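This is what each chain is made of:
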Amino acid sequence: EAGVAQSPRYKIIEKRQSVAFWCNPISGHATLYWYQQILGQGPKLLIQFQNNGVVDDSQLPKDRFSAERLKGVDSTLKIQPAKLEDSAVYLCASSHRGGSYEQYFGPGTRLTVT
Amino acid sequence: GQSLEQPSEVTAVEGAIVQINCTYQTSGFYGLSWYQQHDGGAPTFLSYNALDGLEETGRFSSFLSRSDSYGYLLLQELQMKDSASYFCAVSGTGGFKTIFGAGTRLFVKA
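To keep things clear, this report deals only with the structure shown in the data block. (Residues numbered from 1 in each chain as written. Chains lettered and ligands numbered in written order. Predicted model: local features only at pLDDT ≥ 70, side-chain atom pairs only at ≥ 80, totals over all residues. Heavy atoms only, no water.)

**Some remarks on the sheet that holds strand E8 (residues 75-79) of chain A**
Residue and element names in this part refer to chain A.
So, step 1. Strand order across the open sheet formed by four strands is E1-E3-E8-E7, with antiparallel pairing between neighbours. Of all strands in the sheet, those bounded by a partner on one side alone are strand E1 (5-7) and strand E7 (65-69). Neighbour-to-neighbour, the strand axes of this sheet turn through a mean angle of 15 degrees, independent of strand direction.
So, step 2. In this sheet, E8 lies alongside strand E3 (residues 19-24) in antiparallel orientation, the contact comprising five bridges. From the neighbouring strand, Trp22 faces E8, where its bridge partner is Thr76. (Pairing = 2+ DSSP bridges. Helix = DSSP H or I, 4+ residues; strand = E, 2+ residues; numbered from the N terminus. Axes fitted to C-alpha atoms, helices over the stretch in contact; angles between N-to-C directions.)

Pasting the structure below:
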């Protein structure tokens, strides 16, 4: 089966600019996650979707980050405006069901904010 | 709140056995998972424990003690390719609020 797809793979922007990341999960996976991973740290959950509903966004900086999952399939994560501290790898993952059980990760998008 | 603790680094020799510990604190508990991540790569799933005891998958085993809020990943017959970061992760009740540990960097030496 095809894995989790993400684009773009790399993005360089200046602070205060906007950026969007796209994720296509594994077909049939109801749960989709967006993580932020800063170099040397573990992934930090930003938002978790169950189908097209949000079940956890407690760590999403809502003043600048937004995410949506259209029709319970693809998802987009947006940052507007970006800050220097947003430089990180943004990972999308999907799983059959919620919880930490067997999440499949995409290759990630490496964001550099200058 | 939720938090996890795991050692930052472990070094072992090829062919040896290494254990990576993880202690957690969480409001509600759904399960403990382990992921491997090579430099520049994405995390890949290794194992999952929802109940107490040992789960074995090839050279890798994972253990959970819910009463002690503790688990470990055991890697046997270490190979050079096992050099990577290993993360434990927990979710709270209902499978929400997945939290990853900071990771343990494993160095395997010849």
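Once you've had a look at it, read on.
**Observations concerning the layout of surface pockets**
So, step 1. Volume-wise, the largest pocket comes out at about 480 Å³.
So, step 2. Lining the largest pocket are 25 residues, with Gln37 and Leu39 of chain A together with Gln37, Asp39 and Gly40 of chain B positioned closest to its centre.
So, step 3. Among the secondary structure elements, those contributing two or more residues to the lining of the largest pocket are strand E9 (88-95) and strand E11 (109-113) of chain A together with strand E9 (84-91) and strand E11 (104-109) of chain B.
So, step 4. Classifying every residue of the lining of the largest pocket by side-chain character gives eight nonpolar, 13 polar and four charged. (1 Å grid on protein atoms, 1.4 Å probe; cavity = no way out; pocket = protein on both sides within 12 Å on 5 of 7 lines; lining within 4 Å. Points joined across faces, edges and corners; volume = space filled by probe spheres on them. Nonpolar A, V, L, I, M, F, W, Y, C, P; charged D, E, K, R; others polar.)

**Considerations on the state of the cysteines**
So, step 1. Scanning all chains against the criterion turns up two disulfides over all chains.
So, step 2. The side chain of Cys23 of chain A participates in a disulfide bridge whose partner is Cys92 of chain A; the two sulfur atoms lie 1.9 Å from each other. Measuring the twist about the S-S bond at about -70 degrees, one finds the Cys23 of chain A-Cys92 of chain A disulfide to be left-handed. Taken as a pair, Cys23 of chain A in strand E3 and Cys92 of chain A in strand E9 lie far apart in primary sequence, 69 residues in all. Taken as a pair, Cys23 of chain A and Cys92 of chain A share a single burial class, namely buried.
So, step 3. What pairs with Cys22 of chain B in a disulfide is Cys88 of chain B, and their sulfur atoms sit 2.2 Å apart. In this structure the cystine formed by Cys22 of chain B and Cys88 of chain B twists about its S-S bond by roughly 75 degrees; its chirality is therefore right-handed. (Disulfide = S-S within 2.5 Å. Buried < 20%, exposed > 50% of the residue type's maximum accessible area, 1.4 Å probe, protein only.)

Purely geometric numbers; function is a separate question.
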